[in-house]
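Architecture at a glance
The residues making up each chain are set out below.
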Amino acid sequence: MRAALGRPVVASGALLALLLALVALFAPAIAPYDPRELAGPAFESPSAEHLLGTNDIGQDVFSQIVWGARPALTMALGASVLATVVGVAVGLGSGLLGGAVDHVAMRVVDVFLAIPQLPLLVLVAALAGPSQVNLVLIIGLIRWPMYAREVRSQALSLRQRGFVQAARGFGGGLGYVVARHLVPAVGPLVVLLFVVGIAHALLLEASLAFLGLSDPTAVSWGLMVNRALVFPGLFFTSYWLWWLLPAGLAITLGVLGFMVLGVGLEPVFNPRWRRTG
Amino acid sequence: MRQSTTLARPSPSGADGRTVPDPSSPRPPGGLEGELLCAGETAPGPGAARRSPPRLLASYAVTVFALLTLNFFLPRAMPSDPISALIDAESPSYVQSAELRAELERYYDLDRPLVEQYMAYLGGLVQGDLGVSIRYNQPVSELIADRLPWTLLLLTSSMALAAAVGLALGVHSAWRRGQRLDQGLLTFFLALHNLPVFFVASLALLVFSVELGWVPLGGTNTPFRGLDDPLSAGLDIAHHLVLPAVVVAAGTASAYYLIMRSSLVGELGADYLQLGRAKGLRERRLKYRYAGRNSLLVVVTWSAMRLEGLVTASVLVETVFAYQGMGRLMFDAISFRDYPVLQGCFLLLTLIVVSANLLADLLYARLDPRTAA
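One numbering rule holds for all chains: residues counted from 1, following each sequence as written. Chains carry letters and ligands carry numbers; both start at the beginning, A for chains and 1 for ligands, and go up in the order they are written. Whole-chain, interface and lining totals are the exception, using all residues; otherwise, since this is a predicted model, local features are given only for residues with pLDDT of at least 70 and side-chain atom pairs are given and counted only at 80 or more. Side-chain numbers here rest on the full set of heavy atoms in the structure, without hydrogens or water.

Moving on, we get to the overall build of chain B. On a plain count of helices and strands, chain B comes out with 14 helices and zero strands. Taken from N to C terminus, the helices and strands of chain B fall in the order α-α-α-α-α-α-α-α-α-α-α-α-α-α. In chain B, buried positions account for 52% of the 373 residues. Under the DSSP-based scheme used, a helix requires at least four consecutive residues in state H or I and a strand at least two consecutive residues in state E, with every element numbered from the N terminus. Partly exposed describes any residue whose relative accessible area lies between the buried limit of under 20% and the exposed limit of over 50%, with all areas from a 1.4 Å probe on protein chains only and scaled to the type maximum.

Rendered as structure tokens:
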């Protein structure tokens, strides 16, 4: 872990993720204005008073960017936790129990994986109503099958290993083996899936917001991009420079931060990467 | 950076629960590029690659049936009933009268038992009946039929572009692994693969359409050009297509690049390459005809799997460029809560992806000499 953090790639990813977390945590202290407050005239250019200018109704863009870190992070964390928990439970259960349970679970996973994610997300979010809680549930529940498949294949190979067989041979119950051997063994993989999952959830949430499927009362980056882009003739003005660009960059940096962190951690955490020795 | 030959590869197990390492598995060799994509982005389609065609077809039939069923039950499983979903408070067609509601329920057969509704739904689908759009008051199948060719055009052209660029650079990069060019390309494509595509599309629109004026601002073709000759009409369509196609292709080109690179890096020490070198074959021939070709098998299967990502990107990109395909149709349907249209688009896009997967699975069985027998 320490060795991994020493690599510049991982360090930069970790730094971005940390920055995002700090901004989200201290949003009230950092942001000069309330993000919903009409802080000045519409379409102010960036100035000392409004670092990134104001939007179409005179809200401070910088403050919105800062406050936007909160829903972005909480939703991505929530969706990733949900996907990881369900995926690990199904994957472990499926891999260990085998037989009919495994067969049925994997058929369900197959069907989910065959569906293009975004159209399904759009349909479900439109039907259920795009509140923040709903979006966390929807994104989490659509992403778990990928986790399940990874964890299952890991569990299957673990089941054949000597130490697991030995524990079973000495009379260790299923629960004991899972808690004592399997959870620690798949732990690193799960951490990895979780980190990468945050990046994907951020991206999906922003994509849905861009399509108009987000909580319209929230202050979020995706919604800012959406509002800017539906503004007629945006690109023929210079407003995009401080209205669209910062929000898009915030999303990009957030996604890249967690993704790079995941990529950097992979050699350490993914069991497929361990040398046969 | 890394040599993948010595890495452990436990169980690339498919859906059928094989646990032995499977040399012909469609999954790419282990490693950062391959695995992370697998974990996060894509996974093998319903059929594991080495089933007999009848079993393969059966497994896909189950998937399609499950999809149709999901499409039927989704609106009915939501907290609000289908009628509220159709005409909820946010929708422009909000109605509150109980009589009208009852009338609507009768009209959509919602007063009948669920099983009957389900059978009627399946029967309708067989005849191509996808319901009626709320906004346009027009059969959904007609709306989709208008848009489908544009989406297919966008998908196929961007896939061809992505494959050409991604594969060529992947071979090139693997051949020089560890060198600066390789590291640069790897970093570039890893970043490109995870950029928010709608943001990239907006910037591309700004730079190439608004500032430089190289391509039109949006749409699929210039309207009212019916009298023009086919050649200039075709050029006009291509002119509108090029920017959206490049943006859609970007993310998928990275996937191709990463797969090709990681799959080839594993081949570099192979005996047949050493032999070729000893025989005095030229590097170019070794690179593309020998090593590149050997890795193509992986790529064929991946092409179909990547279609999922292409579909997602095309929905977003069509929206930015006002490209009149199914993605844009979906976007327009969102603001109008036009659920029948959303469901129809979802169903069709999914069927496209699933049939492409089936095609790849069948093709794979033919291409792999180990399974061709």
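A word on the overall build of chain A. Of regular secondary structure, chain A possesses 11 helices and zero strands. The order of α-helices and β-strands along chain A, N terminus first, is α-α-α-α-α-α-α-α-α-α-α. Along the longest, intermediate and shortest principal axes, the C-alpha atoms of chain A span 75 × 45 × 30 Å. Looking at chain A residue by residue over its 277 residues, the buried ones come to 57%. Summarising the internal contacts of chain A: among those between residues at least 6 apart in sequence, 69% fall at separations of at least 24. In this description, accessible areas are obtained by the Shrake-Rupley approach with a 1.4 Å probe, and a residue is regarded as covered only by the protein chains that are shown. Entry remark: accessible area of chain A is about 10,700 Å², with carbon and sulfur atoms responsible for 70%. The charge count includes Lys and Arg as positive and Asp and Glu as negative, but it does not include His or the ends of the chains. Here the site of a charge means NZ on Lys, CZ on Arg, CG on Asp, or CD on Glu. Within chain A, the 12 negative side-chain charges are centred at a point lying 24 Å from the centre of the 16 positive side-chain charges. Note on contacts: a residue pair is in contact if any heavy atoms of the two residues lie within 4.5 Å.

To continue, consider the packing of helix α8 (residues 162-169) of chain A against helix α9 (residues 174-210) of chain A. Residues and elements named next belong to chain A. Every angle, taken between N-to-C directions, lies between 0 and 180 degrees, and every axis is a line fitted to C-alpha atoms, over only the stretch in contact when it is a helix. At a minimum axis distance of 10 Å, the contact between α8 and α9 shows a crossing angle of 150°. Crossing of α8 over α9 shows right-handed handedness. On the side of α8, the interface is formed by F163, V164, A167 and R168, while α9 contributes L174, V177, H181 and L182. Polarity classes work like this: nonpolar for Ala, Val, Leu, Ile, Met, Phe, Trp, Tyr, Cys and Pro, charged for Asp, Glu, Lys and Arg, and polar for all others, with Gly in that last group. Split into classes, the residues belonging to the contact of α8 with α9 amount to six nonpolar, one polar and one charged. Less than a right angle of anticlockwise turn of the near helix away from the far helix marks a crossing as left-handed, whereas a clockwise turn marks it as right-handed.

Our next topic: the pattern of salt bridges. A carboxyl oxygen of Asp or Glu within 4 Å of a side-chain nitrogen of Lys or Arg is what we treat as a salt bridge. One pass over the full model with this rule turns up five salt bridges over all chains. Salt-bridge contacts for R152(A) lead to D102(A); the nearest nitrogen and oxygen are separated by 2.7 Å. Within this pair, whereas R152(A) is found in helix α7 (residues 132-159), its partner D102(A) is found in helix α5 (residues 99-114), the two being separated by 50 residues in sequence. Using a relative accessible area of 0% as the deciding quantity, one classes R152(A) as buried. Between R261(B) and D182(B) there is a salt bridge; the shortest N-O distance is 2.8 Å. Of this pair, R261(B) sits in helix α9 (residues 230-265) while D182(B) is found in helix α7 (residues 180-193), placing the two residues 79 residues apart along the sequence. Accessibility assignment for this pair places R261(B) and D182(B) in one class, buried.

Right, let's talk about the environment of S141(B) for a bit. All names here are of chain B. Considering the arrangement of structural elements, one finds S141 in helix α6 (residues 140-175). For S141, a relative accessible area of 27% gives the class partly exposed. Residues S141 and V341, spaced 200 residues apart in sequence, show a C-alpha to C-alpha distance of 8.7 Å. What S141 contacts, discounting residues up to four positions off in sequence, is G128 and L130. At 3.5 Å, the side chain of S141 forms a polar contact with the backbone oxygen of G128. Contacts described as polar in this section are N or O atom pairs within 3.5 Å, which, within protein, must combine one atom able to donate a hydrogen with one able to accept it, while residues neighboring in sequence count only if both atoms come from side chains.

A separate point is the packing of aromatic side chains. Given two aromatic rings, one states the distance between the centres and the angle between the planes to describe the pair. Residue and element names in this part refer to chain B. Note on aromatic pairs: the rings of Phe, Tyr and Trp (six-membered ring only in Trp) are paired at centre separations within 6.5 Å, and the planes decide the class, stacked below 30 degrees, edge-to-face beyond 60, tilted for the rest. Scanning the model with the defined rule gives 11 aromatic pairs over all chains in all. Considering the side-chain rings of F72 and Y121, the 5.2 Å spacing of their centres and the 40° angle between planes classify their relative orientation as tilted. Taken together, the positions of F72 in helix α2 (residues 53-77) and Y121 in helix α5 (residues 114-126) put the pair 49 residues apart, joining distant regions of the chain. Both residues of the pair, F72 and Y121, count as buried. Among the aromatic residues, those joined into a cluster by ring pairs are F72, F73, Y118 and Y121.

Bringing α7(A) into the picture now. For a helix, the expected span equals 1.5 Å multiplied by the residue count minus one. Over its 28 residues, α7(A) extends 39 Å from the first C-alpha to the last, a length consistent with the 40 Å expected when each residue adds 1.5 Å. By definition, a residue's bend is the angle between the axes fitted to the seven residues ending there and the seven starting there. Along α7(A), the largest kink reaches about 35° and is centred on W144(A); proline P145(A) follows within four residues of it.

Time to look at the nonpolar core. Core analysis: the largest hydrophobic core is formed by 129 residues, its most contacted members being V122(A), L211(A), W221(A), F258(A), F198(B), F321(B) and L342(B). Tallying contributions element by element places α6(B) first for this core, with 13 residues. If we skip the residues at most four places from it in the chain, L211(A) touches L118(A), V122(A), N226(A), V315(B), L316(B), T319(B), F331(B) and I334(B). Here, the term nonpolar core denotes a set of buried Ala, Val, Leu, Ile, Met, Phe, Trp, Tyr and Cys residues that are joined through side-chain atoms within 4.5 Å. Core analysis: the next-biggest nonpolar cluster, separate from the first, contains 22 residues, L96(A), A155(A), L158(A) and V190(A) among them.

Once that is clear, we can look at the side chain of T84(A). Relative to the helices and strands, T84(A) is located in helix α4 (residues 61-97). Judged by its relative accessible area of 7%, T84(A) falls in the buried class.

Our focus in this paragraph is the confidence of the model for chain B. Residues and elements named next belong to chain B. Looking at chain B as a whole, the pLDDT averages 74, with 77% of positions reaching at least 70. Averaged pLDDT values over the elements of chain B bottom out at 36 in helix α1 (residues 32-40) and peak at 89 in α6. Below pLDDT 50 for its whole length, residues 1-49 participates in 158 contacts with residues either more than four positions away or in separate chains. This complex was scored by the predictor with a pTM of 0.80 and an ipTM of 0.82. Confidence scores per residue from the predictor, reported as pLDDT, run from 0 to 100.

This part covers helix α13 (residues 326-335) of chain B. Residue and element names in this part refer to chain B. With respect to burial, α13 is a largely interior element, nine of its 10 residues being buried. For α13, every residue scored as buried is listed here: M326, G327, R328, L329, M330, F331, D332, A333 and I334. Phi turns positive, to about 50°, at R337, one or two residues after α13.

Take the side chain of S214(A) next. Relative to the helices and strands, S214(A) resides in the loop between α9 and α10 (221-230). Leaving out residues up to four positions away in the same chain, S214(A) has contacts with P130(A), L135(A), A209(A) and L223(A).

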